[in-house]
Protein chains: 2
Amino acid sequence: MLYPNNIKKNYNKEISYKNRGMDLEYLIEKANIFYRDNDIAYIFKKPTPIKVVNVEYKNGGKRITDAFYETPSTLDFNGIYKGNYIEFDAKETNNKTSFPLRNVHDHQIKHIKNVYNHKGIVFLIIMMNNKYFLFPGSKFLEFLEKETRQSIPYNYIEENSYELKVTLKGLDYISKLDELIGGK
Amino acid sequence: MLYPNNIKKNYNKEISYKNRGMDLEYLIEKANIFYRDNDIAYIFKKPTPIKVVNVEYKNGGKRITDAFYETPSTLDFNGIYKGNYIEFDAKETNNKTSFPLRNVHDHQIKHIKNVYNHKGIVFLIIMMNNKYFLFPGSKFLEFLEKETRQSIPYNYIEENSYELKVTLKGLDYISKLDELIGGK
């Protein structure tokens, strides 16, 4: 056997991670660590929701032997910036002309609405056409109210977002938040 | 065999849950649902952090076949109340005279400090002597700075907390938050 089954599997896994936004998440986490270490903001990636089906007790400890990933009903990142509640998600698309709405689950849309209504700062970080956009929740909700289309045109995102820059400290999104908080 | 092994195990599990704060958590979750349904606050229990060791692909889906619970380094509940970032944990002790500090992990103490410094609203809900206390993070940190004792005397908690009432809608802690936010 030239390629044992498990090696092939890991290789495929790595590739599929990459395509599905691992890099974007990495850049955000890098920034989050920098913000935390420098007391700029206190933002974390939430634990992935997992439904535990079976647990066994071994050597005095619990070990999960059967479980599965649940569909997230909230956004991936949350925390504090200057006392404000912050929540956002990272989304990536290879589509060049529009952002397909199927990238945001129905529960997540409801969640964005609720965070917004409770005066939290909520947004999406969208990677598209090799650019990074901080797309405010208010603009996202405005689009959903007015339009029945299944995707958001690229120019709507470009016009209603803050463009973000990748620095040595990761993807810098905090520098745009003061502006967003002012106009929320 | 009068008591098969798995039945005995489940029974023990149920008891140990009860003693370790299942009821308190239930009362808090009941209140959270009421707050969410009535647009009063938007607060959730975080997913439990789980370290996934092995995943298998079955019928086109991922199934976790080996994993374990990680020690939480943050607090269990977070969310928004009137735009403010809220984070807290539920703690219970059978000790009548003092609250043992081993109930709060070192990482959690560090986390409480950080949330407080970033102007988040952070507290513990402590059940002790059949009473429920909202114990502000500021008072908790003050105690740690001044004292080297391994437990917090009951009277310190009583004097520095808001006592909470159990209602038909769960454990009502939101009614004390305006006061806490004013004096944070």
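Keep in mind that this is a model prediction, so the values were computed, not measured.

### Points about helix 3 (residues 106-117) of chain B
Consideration 1: Its 12 residues place the ends of helix 3 of chain B 17 Å apart at the C-alpha level, agreeing with the 16 Å of an ideal helix rising 1.5 Å per residue.
Consideration 2: Looking at helix 3 of chain B, one finds that the buried residues are B:Q108, B:I109, B:H111, B:I112, B:N114 and B:V115.
Consideration 3: Buried residues along helix 3 of chain B sit against strand 1 (42-45) and strand 4 (77-81) of chain A together with strand 5 (84-92), strand 7 (121-128) and helix 4 (137-146) of chain B.

### Points about the pairing of strand 3 (residues 61-69) of chain B
Consideration 1: Here strand 3 (residues 61-69) of chain A pairs with strand 3 of chain B via two bridges, running antiparallel. Bridge pairing in strand 3 of chain B links A:I64 to B:A67.
Consideration 2: Inspection of the sheet shows strand 2 (residues 50-58) of chain B paired to strand 3 of chain B by eight bridges, in the antiparallel sense. Opposite B:E56, over in strand 3 of chain B, you have B:R63 as the bridge partner.
Consideration 3: Connecting strand 2 of chain B to the next strand, strand 3 of chain B, in antiparallel fashion are two residues, including B:N59 with a positive phi near 45°.

### Thoughts on the packing of helix 3 of chain B against helix 4 of chain B
All names here are of chain B.
Consideration 1: For the pair helix 3 and helix 4, the least separation of the axes is 10 Å and the interaxial angle reads 125°. On the basis of the axis angle, helix 3 is oblique to helix 4. Between helix 3 and helix 4 lies a crossing whose hand is left-handed. Every residue of helix 4 that contacts helix 3 at I109, I112, K113 and Y116 is listed here: G137, S138, F140, L141 and L144.
Consideration 2: Of the residues assigned to the contact of helix 3 with helix 4, the class counts are six nonpolar, two polar and one charged.

### Focus: unusual backbone geometry
Consideration 1: The phi angle at A:K119 is positive, at roughly 65°, despite the residue not being glycine.
Consideration 2: Looking at the element boundaries, A:K119 is found in the loop between helix 3 (106-117) and strand 7 (121-128).

### Considerations on the confidence of the model for chain A
All names here are of chain A.
Consideration 1: Summary statistics for chain A give a mean pLDDT of 87 and a share of 87% for residues scoring 70 or more.
Consideration 2: Per-residue pLDDT stays below 50 along residues 1-21; that stretch engages in eight contacts with residues further than four places along the chain or on separate chains.
Consideration 3: With a pTM of 0.83, the predicted complex shows an ipTM of 0.81.

### Quick notes on the interface of chain A and chain B
Consideration 1: Tallying the contact residues gives 37 residues for chain A and 37 residues for chain B.
Consideration 2: Summing the contributions of chain A and of chain B, the shared interface buries around 3300 Å²; its carbon and sulfur component is 61%.
Consideration 3: The largest share of the area that chain A buries against chain B comes from A:Y42, A:I64 and A:H118, three residues that together contribute 21% of it.
Consideration 4: Across the chain A-chain B interface, the total number found is two salt bridges.
Consideration 5: Residue B:D66 is joined to A:R63 by a salt bridge in which the shortest nitrogen-to-oxygen separation is 2.8 Å.
Consideration 6: Remark: the boundary between chain A and chain B carries 10 residue pairs in polar contact (both at pLDDT 80 or more).
Consideration 7: Counting residues per element, the ones that place at least two in the side of chain A that touches chain B are helix 1 (5-19), strand 1, strand 2 (50-58), strand 3, strand 4, strand 5 (84-92) and helix 3 of chain A.
Consideration 8: Ranked by residues supplied to the side of chain A that touches chain B, first place goes to strand 3 of chain A with eight residues.
Consideration 9: Of the residues in the side of chain A that touches chain B, the class split is 19 nonpolar, 10 polar and eight charged.

### Thoughts on the pattern of salt bridges
Residue and element names in this part refer to chain B.
Consideration 1: Applying the stated criterion across every chain, the model contains 14 salt bridges over all chains.
Consideration 2: The partner of K46 in a salt bridge is E87, and the shortest N-O contact between them spans 2.9 Å. Taken as a pair, K46 in the loop between strand 1 (42-45) and strand 2 and E87 in strand 5 lie far apart in primary sequence, 41 residues in all. E87 matches K46 in its accessibility class, with the two residues each being buried.
Consideration 3: Between K146 and E142 there is a salt bridge whose closest N-O contact spans 3.8 Å. Residue K146 and its partner E142 are both found in helix 4; the two are separated by four residues, about one turn of the helix.

Reading guide: rules and limits
- Numbering of residues starts from 1 in every chain and runs along the sequence as written.
- Each chain gets a letter, beginning with A, and each ligand a number, beginning with 1, in the order they are written.
- Local features in this predicted model are restricted to residues of pLDDT 70 or higher, and side-chain atom pairs are both shown and tallied only at a pLDDT of 80 or more, whereas totals for entire chains, interfaces and linings draw on every residue.
- Computation of side-chain values: all heavy atoms of the structure, hydrogens and water removed.
- In DSSP terms, a helix is any run of H or I states spanning at least four residues, a strand is any run of E spanning at least two, and both are numbered starting from the N terminus.
- Multiply 1.5 Å by the residue count of a helix minus one, and that product is the helix's expected span.
- Throughout this description, buried means an accessible area under 20% of the type-specific maximum (1.4 Å probe, protein chains only), exposed means over 50%, and partly exposed covers the range between.
- By the convention used here, residues are in contact when the closest approach between their heavy atoms is within 4.5 Å.
- Any two strands with at least two DSSP-identified bridges between them are counted as paired.
- For every element, the axis is a line fit to its C-alpha atoms; helices are fit only across the contacting stretch, and the angle between N-to-C directions ranges from 0 to 180 degrees.
- Angles below 35 degrees are treated as roughly parallel, those above 145 as roughly antiparallel, those between 65 and 115 as roughly perpendicular, and all remaining angles as oblique.
- By definition, turning the near helix anticlockwise from the far helix through less than a right angle yields a left-handed crossing, and turning it clockwise yields a right-handed one.
- Under this grouping Gly is polar, as are all residues other than the nonpolar Ala, Val, Leu, Ile, Met, Phe, Trp, Tyr, Cys and Pro and the charged Asp, Glu, Lys and Arg.
- A score from 0 to 100, pLDDT tells how confident the predictor is in each residue.
- Here the quantity called buried area is the accessible surface, traced with a 1.4 Å probe, that two parts lose on coming together, added over both.
- One side-chain nitrogen of Lys or Arg within 4 Å of one carboxyl oxygen of Asp or Glu is enough to make a salt bridge.
- As used in this structure description, the phrase polar contact means that two N or O atoms lie within 3.5 Å; if the pair is within protein, one of them must be able to donate a hydrogen and the other to accept it, and residues adjacent in sequence are counted only when both atoms belong to side chains.

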